[in-house]
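# Observations on chain architecture
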Amino acid sequence: MDPSALAARLAPRDVDPLIRRLFRTDGPAAELVDRPVRISRLVSFAGEKPVLTEGELDGLAAALVELATGGEEPDLVSALARSLRALADIEMDDVDAVRLLPAEFARRLCEAVPGVTAPLTGDAARTHGLLMDAAALHILHFLSRRSTYVARTLVEQTRTLTELVHGQRAAASPLDRGDRAAADAAFEARYAQDTAALHNHLTIFGIDLAHSPDSWPLDAAYLGLQCESGSQDGRDDADQDDPPLPAEQALAGQSQVLVRGVAGSGKTTLLQWLAVATARDELPEALAALRGRVPFLLPVRRFAREGLPSPETFLSAVGYREAEAAPDGWARRVLGAGRALLLVDGVDEAPESDREELRGMLVEWAARHPGNVWVVTSRPSAVPAGWLAAEGFGEVSLAPMSREDVAAFIQRWHRAAAQQSPADLDRLGHYERTLLNAVRITRDLGRLATNPLMCGLLCALHRDRRGYLPNGRKELYDAALSMLLERRDRERAMVATDGVELTRQPKIQLLQKLAHWMLVNGRSEMDRTTAVDTLARHLPAIPDAARQGGPQEVFRHLLNRTGLLREPTPGTVDFVHRTFQDYLAARATVQRHDFALLLDHAHHDDWEDVIRMAVALARPDECAALLDGLLAPHAGVRAAEARHRKLLAAACLEHATELDPAVRARVRRFTRDMVRPSTPSAARALGWIGPIVLEMLPDPSEASDGEAHLLAITATSIADDMAIDYLVGLRERAHHDIRAQLAGAWRRYDTARYAREIIAHLEPAELYFPVCDLEELHALRRLGGRPHLRIDGYFTPDQLIEGIVPAEGLTRLWLAYDLGDSMEWLSAFPNLDTLRIGRRIPPVNGVPDGIRLVQM
């Protein structure tokens, strides 16, 4: 659709007569001109004796659409008619309406009809917005002329509306400003295309060292992420019955949401996907409400210290290189119309002392620009639970990748690698099979493969090393650095085109200096001048680098040739992922013996990963001193922070390659009482420590049922098969909450082993057994079936009919996952008497007679 033609067709002489038909021109309502009048009393299509029939209102909408498009578009006509029909329902009088800007009045009409643009394509949704702006202006102009009271009370507004309609105030009119409307629409189309290109990539390390770039298209590589619900009301068990959902379903219907996720879990990738899918009008049906919106992906690291950017600087903040080409005021008009999708990435990348100020800015902006959609991301520990809940933000958390997700990622990774036609094409199939087997049976690898970043590293290193993988997180990062800094250029047969050729060690030393500066200054990005100055200070101490060029040349070499740095906007630099920044900063700190710096900041959440890595990198005596320092009192540290430091010491134990047994025993002694939780939320939080906590938990056989339930929560929060050994001690408990906790954790562990050692021993009375995939369904079949099942993943009806055996053994079924089908297929289970429907599932139909339906 040509935006210029659309704007030109919306001439006042054509639009105004149509808008007049929406209102009565005689009768009592038309005579009430000495006081405010409810708009619902003025419309011609409502009341006891409507003048305009429903069919005529549809015809009026069709005439407006034909004016704008020159054709017939039934879906657009229907959406416009529904929006105009909201005039009969809106809680507003004519004075309140005229006080509003036309765009705001149009937005309120659309808000009164939720999902009105959901069936529309992106182009149609934009046309709907232009038509509603046009209609709103003429509606307000009519109201100001109809009532002498309005004209007398709101003199300036009435004058402005008249000028707008008649083109005397071109800077604000959406109608007679055909040129501006066309320019806005044309720029918006260009911005959408450029946004899709800017964000349509994933950085996957080492996808094909010899033949390809370090990234591949997002739409070819994106693996759908899963989200777990956050507690909506503060109850500890609020989300325990809800299985993880695909991200698009978890975000559906939420206009303001905070997404939590650990480093590497895919937070930025999720926002990239939202931006690209919105810009391309390729959103799934669950997110149809976002169609027609304009995405702005705003990385916090770029504006953390200066505060949220103004609309005039949004385009610069998102890294859009053609920002100067935007029509004046375009971004502000988008926000004012409530059409923006604001993707704020990385609250944790703001300094901890600035986060409350950032929170205030988010709240202020959401209130100042209602109708827009906000998705904000953060690491879990960076902000407290309910950080934005009071302002209406929901919360979801990115779930760790399941075994099925990991397998799908590995398969997709190798499929993408094969598409590059590499020299080792004949071996890729073998690499895929051996890696799938390795992460399934090798405990250390299984523990590492929990998020997209780590899975990508494992795939790249496994291929790069022809089937060999290092063990442990430190070894994995060292191998990744070697791959990126040393082997990358060599295997690509690249020569030193910039006059600088550095070996691996000088590169690491220099990169460490940049990472250390960011750590000390609480930044995840630095400007180019600061980076060059930092290198200039340290170059004289690294002669292999100093002899090859000055700091400018060395900086350019590190940026272009290491694969670890990038330039997100002109004049700034950051690391491709925070994980590498933290690892290199830890290396630098350990080499400087600056353990006092670590201890001074150990209670700050953004230093946790640095400290864990420092423990892995330190010598035994340094490691012991660091752990003892975490246990000891520290000046200025509050009680809650002191507890956090001690728990961090316990979490670090698994990273220490060599440690005095006395120190290890001391850490356990200091923290043993801390792993006796008193609430479900505290029990769940202990999973953060990692598998080492299993060695600290008390013997479950000596615990009461209440204590045993809390121990079960802690143990099942640790996604490591070591937990199964501990849970064996709880499997014979008759208490329902304990049995339910053990059954609900099945998806986190090896399916066959968990079925054999835990599920098979749980008393089935009044217990719903969850199944989220075919492997679990088949495992229950081998166990003889269970009378009560909870469906926690997507299945087809045929899969359930075939997999639930014996069919006559099923008496209760709980659908916690939307299968999207009518329920007639339930007749295959003759003894089924109850069907429970999860709270996030829309109403179902076709339930056979005799089955009681319970909607939760």
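Structure's up top.
I will try to describe carefully the structure that is included in this document. (Residues numbered from 1 in each chain as written. Predicted model: local features only at pLDDT ≥ 70, side-chain atom pairs only at ≥ 80, totals over all residues. Heavy atoms only, no water.)

## Some words on the packing of aromatic side chains
Definition in use: Classification of ring pairs rests on two measures: the distance between centres of Phe, Tyr or Trp rings, Trp counted by its six-membered ring, which must be within 6.5 Å, and the angle between planes, read as stacked under 30 degrees, edge-to-face over 60 and tilted in between. Secondary structure elements follow DSSP: runs of H or I no shorter than four residues count as helices, runs of E no shorter than two count as strands, and numbering proceeds from the N terminus. Accessibility here uses a 1.4 Å probe with only protein chains present; expressed as a share of the type maximum, an area under 20% marks a residue as buried, one over 50% as exposed, and anything in between as partly exposed. Only Lys NZ and Arg CZ are tested; either one counts as a charge over a ring when it is within 6 Å of the ring centre and within 35 degrees of the ring normal.
As enumerated under the stated definition, the model contains 15 aromatic pairs in all. Centre to centre, the rings of Tyr191 and Trp330 are 5.5 Å apart; their planes meet at 65°, and the pair counts as edge-to-face. A residue pair is termed long-range when its members are at least 10 positions apart, and Tyr191 in helix H12 (residues 178-199) and Trp330 in helix H17 (residues 330-336) qualify at 139 residues. Per residue, the accessibility class of Tyr191 equals that of Trp330, and both read buried. The side chain of Arg786 reaches across the aromatic face of Phe769, ending 5.2 Å from its centre. Between the NZ or CZ atom of Arg836 and the centre of the ring of Trp814, over which it lies, the distance is 4.2 Å.

## Some words on the sheet that holds strand E15 (residues 812-815)
Stated precisely, the cut-off is as follows: The rule for pairing is simple: two strands pair if DSSP sees at least two bridges between them. What counts as an axis is a line fitted to C-alpha atoms, over the stretch in contact for a helix, and the angles between N-to-C directions run from 0 to 180 degrees. Two residues form a contact once any of their heavy atoms are found within 4.5 Å.
Taken together, the 5 strands give an open sheet; going across it, the order is E13-E14-E15-E16-E17, and neighbouring strands pair in parallel fashion. Single-partner strands in this sheet number two, and they are strand E13 (769-771) and strand E17 (852-855). Strand-to-strand twist of the sheet, defined as the mean angle between neighbouring strand axes without regard to direction, takes the value 20°. Relative to strand E14 (residues 788-791), E13 runs parallel, the two being bridged by 3 bridges. Among the inter-strand pairings, Val771 is bridged to a residue of E14, identified as Ile791. Strands in contact with helix H39 (residues 774-782) are E13 and E14; relative to E13, the strand with the most contacts, it is inclined by about 140°.

## Considering the nonpolar core
Put simply, the test is: Nonpolar cores were defined as sets of buried Ala, Val, Leu, Ile, Met, Phe, Trp, Tyr and Cys residues, with membership established by side-chain atoms within 4.5 Å.
Of all hydrophobic cores here, the largest spans 148 residues; its most connected members are Leu564, Leu627, Tyr754 and Leu813. If sequence neighbours within four positions are ignored, Leu564 has contacts with Leu481, Leu484, Leu485, Leu511, Asp574, Phe575, Val576, Phe580 and Leu584. With 54 residues, the next largest nonpolar core counts Ala61, Ala97, Leu100 and Leu154 among its residues.

## What to know about the pattern of salt bridges
The cut-off we apply is this: Whenever Lys or Arg places a side-chain nitrogen within 4 Å of a carboxyl oxygen from Asp or Glu, that contact is recorded as a salt bridge.
For the coordinates displayed, the defined rule picks out 36 salt bridges. A salt bridge links Glu111 to Arg107; the nearest nitrogen and oxygen atoms lie 2.2 Å apart. Residue Glu111 and its partner Arg107 are both found in helix H8 (residues 102-111); the two are separated by 4 residues, about one turn of the helix. Residue Arg107 is classed as buried on the basis of its relative accessible area of 8%. Across the pair Arg190 and Glu322 runs a salt bridge, and its minimum N-O distance is 3.2 Å. You can see Arg190 sitting in helix H12 and its partner Glu322 sitting in the loop between helix H16 (314-317) and H17, a full 132 residues away along the chain. Judged by its relative accessible area of 36%, Arg190 is partly exposed. What makes Glu322 partly exposed here is its relative accessible area of 37%. Each of the salt bridges in this network shares a partner with another, and the network as a whole consists of Asp348, Arg379, Arg578, Asp582 and Asp609.

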